[in-house]
Amino acid sequence: MQEIITFIMEIIGTIAFAASGAMVGVGRRMDIFGVCVLGVVTSVGGGMIRDIVLGIIPPGMFQKPVYTIVATATSCVVFWVLYLKKELVEGHFREIYDRFMLIMDTIGLGIFTVVGVNTGIRHGYMDNTFLLVFVGTITGVGGGLLRDMMAGVPPYIFVKHIYACASIVGAVVCVYMYRSFGTVAAMVGASAVVFLIRYLAAHYRWNLPRLKRED
Amino acid sequence: MQEIITFIMEIIGTIAFAASGAMVGVGRRMDIFGVCVLGVVTSVGGGMIRDIVLGIIPPGMFQKPVYTIVATATSCVVFWVLYLKKELVEGHFREIYDRFMLIMDTIGLGIFTVVGVNTGIRHGYMDNTFLLVFVGTITGVGGGLLRDMMAGVPPYIFVKHIYACASIVGAVVCVYMYRSFGTVAAMVGASAVVFLIRYLAAHYRWNLPRLKRED
Amino acid sequence: MQEIITFIMEIIGTIAFAASGAMVGVGRRMDIFGVCVLGVVTSVGGGMIRDIVLGIIPPGMFQKPVYTIVATATSCVVFWVLYLKKELVEGHFREIYDRFMLIMDTIGLGIFTVVGVNTGIRHGYMDNTFLLVFVGTITGVGGGLLRDMMAGVPPYIFVKHIYACASIVGAVVCVYMYRSFGTVAAMVGASAVVFLIRYLAAHYRWNLPRLKRED
């Protein structure tokens, strides 16, 4: 049961992150193959880093083709939709594009954070809260960070409201819920916490202090 | 015999990728030391990632200095040639520079793809076609990707014709030829397939669909 | 005794690199959370890469929170100082900012280089000089490289005088002093060599040959 839930969440996260990667690729005017590469990197990148630091060798996505296939298919769909509806990338409908990008990225962030914590727990690090939170956060933010670094755009993690913060809070919630309520409740609950934090941050335009540019 | 062929191909790939890294470094006006660093990273980077994901710890290039020494020497030669023949970097002869860069990068891509597949097979993953193709592709494109990300130029993998595609096709060909014809035929044949795909793509200016910029 | 010295040096290096990462983050106008992320990545990034290539799984900084906590605290302090003293980031006092950045980065480079060599030796690679030098250099330059790639600024390693060069010389000195004089002398002595090389390079504006831009 909990394996099925975990797998479903992984697939949802893979689709969401692949879509976000493909959207960045189309926005950068890459060809369909570059778009697919960026989609795949975004969706499997965080998990690859996680597996390497946990010593899961070779990393899961090298062994099971399903994630790569799903990510490639998602990227192709996103490419063709944006290719046929060019006005979504530029012009008046740009707002819809930005909103969809935010939603996909948030879903990926929330789900991969709890998947990362869950992987850490299943490999015997239940008692090491710090490691679990660190691994969850890296899994959550890793794919998007690779996406932005490879595409040469300013990383989302630095420019968007409360990004890594949402992932860290979600990971902490996941670890503590895991110990009290079991796997499924922890994964669903903690993902929801990440979504909520990012929704509130985007909706109310929460801003943390920063230096302003002089004008 | 096949170890000698493998070693010779590794050295050729190292020289080719080191030259491509050094050329990017000179083009970015780095000093001779930066040029060498970029040459070394380009030539050993893909193999380092491959060894980490296959659990070959510490990675091969940390153990055998020969690859680093060859890459450093190649980088120095490239630096001095371009330093004395400045007109190759800017001006009328720029086309020769671009063509040489394409050739070096293609040789590195083809050879490191098959070297990556070969390393995966020697570590017991013969039956896992997906993993072998993934590992081959990462070995092939990894060095050039690190090069471009570190130098702050748009990654070749996203901007050049059929780049990752050639590597993936080459890896698939390598795996299947390996099973039927043995190591040497697979490595030479699959490298040739990569060269051929990239040559045809560059010559006939194959283009995959992409969104155009509005003008 | 030597464990205490190692730990103190690691903490000093962590503070120095966290400060350099936070300064880059503030200079890029990131909010306080982005500044902390960049500070943490800069200070633990090099060690994480080192531990992965040496097979220390999970990497040390995932197990001991102290480095992350120190890096976060340092980043917050740097943020608030620069927030209250905005004139340090722009305007006449910019020179003080640049000088402080150079000092912090040099301290981090020197200390993490010897910490990297030391970690390699403690894991049984005493006889492999090449591997020790490689690991020391990667530990030293890795954090700053990740910082610059994530922040989208030209990597220090390519633009500053004699950067990787100082780290390599320091690592070689460390390995040979280790064999003759023991841990503490090697770590303190080799760090001092790195500081000295970078100080001399910055003071006398040593320049290695490079192609000039045409004007």
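Residues numbered from 1 in each chain as written. Chains lettered and ligands numbered in written order. Predicted model: local features only at pLDDT ≥ 70, side-chain atom pairs only at ≥ 80, totals over all residues. Heavy atoms only, no water.

**Student:** Describe the packing of aromatic side chains, with residues and values.
**Tutor:** The geometry of two aromatic rings is summed up by the distance between their centres and the angle between their planes. All chains considered together, the criterion is met by 24 aromatic pairs over all chains. Ring geometry for Phe-62 of chain A and Phe-134 of chain B: centres 4.5 Å apart, planes at 40 degrees, overall tilted. In this pair, Phe-62 of chain A sits in helix α3 (residues 60–63) while Phe-134 of chain B sits in helix α6 (residues 129–151), so the two residues belong to two different chains. Look at Phe-62 of chain A and you get buried, because its relative accessible area is 0%. With a relative accessible area of 16%, Phe-134 of chain B lands in the buried category. Every member of this aromatic cluster is reached through a ring pair, and the members are Phe-62 of chain A together with Phe-130 and Phe-134 of chain B. Above the plane of the ring of Tyr-156 of chain A lies Arg-147 of chain A, whose end atom (NZ or CZ) is 5.3 Å from the centre. (Phe/Tyr/Trp six-rings, centres within 6.5 Å; stacked < 30°, edge-to-face > 60°. Helix = DSSP H or I, 4+ residues; strand = E, 2+ residues; numbered from the N terminus. Buried < 20%, exposed > 50% of the residue type's maximum accessible area, 1.4 Å probe, protein only. Lys NZ or Arg CZ within 6 Å of the ring centre and 35° of its normal.)

**Student:** Lay out the pattern of salt bridges with the relevant residues and their values.
**Tutor:** For the structure shown, the criterion picks out 12 salt bridges over all chains. Its salt-bridge partner being Asp-148 of chain A, residue Arg-147 of chain A comes within 2.9 Å of it at the nearest N-O pair. Among the residues examined, Arg-147 of chain A registers a relative accessible area of 0% and is labelled buried. Note on Asp-148 of chain A: relative accessible area 2%, which makes it buried. Where Asp-51 of chain B meets Arg-50 of chain B, a salt bridge forms, and the shortest distance between an N and an O atom there is 3.0 Å. A relative accessible area of 3% means that Asp-51 of chain B is categorised as buried. (Salt bridge = Lys/Arg side-chain N within 4 Å of Asp/Glu carboxyl O.)

**Student:** Could you give an account of the relation of the copies chain C and chain B, naming the residues involved and the relevant values?
**Tutor:** The two copies are related by a screw operation: chain C maps onto chain B through 120 degrees of rotation and 0.0 Å of translation along the axis, at an RMSD of 0.0 Å. Viewed as a symmetry operation, the transformation between the two copies matches a three-fold axis. A different interface surface on each copy is seen, since only 7% of the contact residues of chain C are contact residues in chain B too. (Least-squares fit on C-alpha atoms with pLDDT ≥ 70 in both. Contact = heavy atoms within 4.5 Å.)

**Student:** Please set out the interface of chain B and chain A residue by residue, giving values where relevant.
**Tutor:** Taken together, the contact between chain B and chain A spans 27 residues of the former and 30 residues of the latter. For the pair chain B and chain A, the summed buried surface comes to about 2,600 Å²; carbon and sulfur atoms form 75% of the total. Of all residues in chain B, Phe-130, Phe-158 and Leu-211 of chain B bury the most surface against chain A, accounting for 30% of the area lost on that side. Taken together, chain B and chain A are joined by zero salt bridges. For the side of chain B that touches chain A, the secondary-structure elements that each account for two or more residues are α2 (32–54), α6, α7 (156–159) and α8 (163–181) of chain B. (Buried area = accessible area lost by both parts, 1.4 Å probe.)

**Student:** Quick one: what's the story with the relation of the copies chain B and chain A, residue by residue and with numbers?
**Tutor:** Placing chain B over chain A gives an RMSD of 0.0 Å and needs a rotation angle of 120 degrees, together with 0.0 Å of translation along the axis. A share of only 7% of the interface residues of chain B reappears at the interface of chain A, consistent with the copies meeting through non-equivalent patches.

**Student:** Can you break down the UniProt feature "transmembrane region" (unreviewed entry) in chain A residue by residue, with the values?
**Tutor:** Residue and element names in this part refer to chain A. Mapped onto this numbering, the UniProt entry annotates "transmembrane region" (unreviewed entry) at residues 6–25, 32–53, 65–84, 96–117, 129–146, 158–178 and 184–201. In residues 65–84, helix accounts for 95% and strand for 0%; the two terminal C-alpha atoms are 29 Å from one another. Secondary structure across residues 96–117 divides into 100% helix and 0% strand, with the first and last C-alpha atoms of the span separated by 32 Å. (UniProt positions renumbered as here; feature names shortened; annotations may be inferred.)

**Student:** Which residues make up the interface of chain C and chain B, and what values do they have?
**Tutor:** A common way to report how large an interface is uses the accessible area buried once the components associate. Counting from both sides, the interface comprises 27 residues of chain C and, opposite them, 30 residues of chain B. Both faces considered, chain C and chain B share a buried interface measuring about 2,600 Å² in area, 75% of it formed by carbon and sulfur atoms. The three residues of chain C that bury the most area against chain B are Phe-130, Phe-158 and Leu-211 of chain C, which together make up 29% of that side's buried surface. For the pair chain C and chain B, the number of links is zero salt bridges. Linking chain C to chain B there are zero residue pairs in polar contact (both at pLDDT 80 or more). Examining the composition of the side of chain C that touches chain B, we find that seven residues originate from one element, helix α6 (residues 129–151) of chain C, more than from any other. Here the residues of the side of chain C that touches chain B are counted per class, giving 21 nonpolar, two polar and four charged. (Polar contact = N/O pair within 3.5 Å; in protein donor to acceptor, adjacent residues only side chain to side chain. Nonpolar A, V, L, I, M, F, W, Y, C, P; charged D, E, K, R; others polar.)

**Student:** Outline helix α8 (residues 163–181) of chain A, listing residues and values.
**Tutor:** Residues and elements named next belong to chain A. Over its 19 residues, α8 runs 26 Å from end to end, which matches the ideal 27 Å to within 8%, given 1.5 Å per residue. Every buried residue of α8 is listed here: Tyr-163, Ala-164, Ala-166, Ser-167, Gly-170, Ala-171, Cys-174, Val-175 and Tyr-178. Buried residues in α8, looked at end-on, bunch into an arc of 165 degrees, giving them a common side. Of the residues trailing α8, Gly-182 is marked for its positive phi of about 90 degrees. (Expected span 1.5 Å × (residues − 1). Arc of directions from axis to C-beta.)

**Student:** Can you explain the confidence of the model for chain A? Please cite residues and give values.
**Tutor:** Note: predicted coordinates in regions of low pLDDT should not be interpreted at a detailed level. A residue-level look at chain A finds 98% of positions with pLDDT of 70 or above and a mean pLDDT of 89. Confidence, read as mean pLDDT per element, is least for helix α7 (residues 156–159) of chain A in chain A (82) and greatest for helix α4 (residues 66–84) of chain A (94). (pLDDT = per-residue confidence, 0-100.)

**Student:** Describe in detail the nonpolar core, supporting the description with residues and values.
**Tutor:** Of all hydrophobic cores here, the largest spans 219 residues; its most connected members are Phe-62 of chain A, Phe-62 of chain B together with Phe-62 of chain C. The contact partners of Phe-62 of chain A, leaving out residues within four places of it in the chain, are Met-48 of chain A together with Val-53, Asn-128, Phe-130, Leu-131, Phe-134, Val-135 and Ile-138 of chain B. (Core = buried A, V, L, I, M, F, W, Y, C linked by side-chain atoms within 4.5 Å.)

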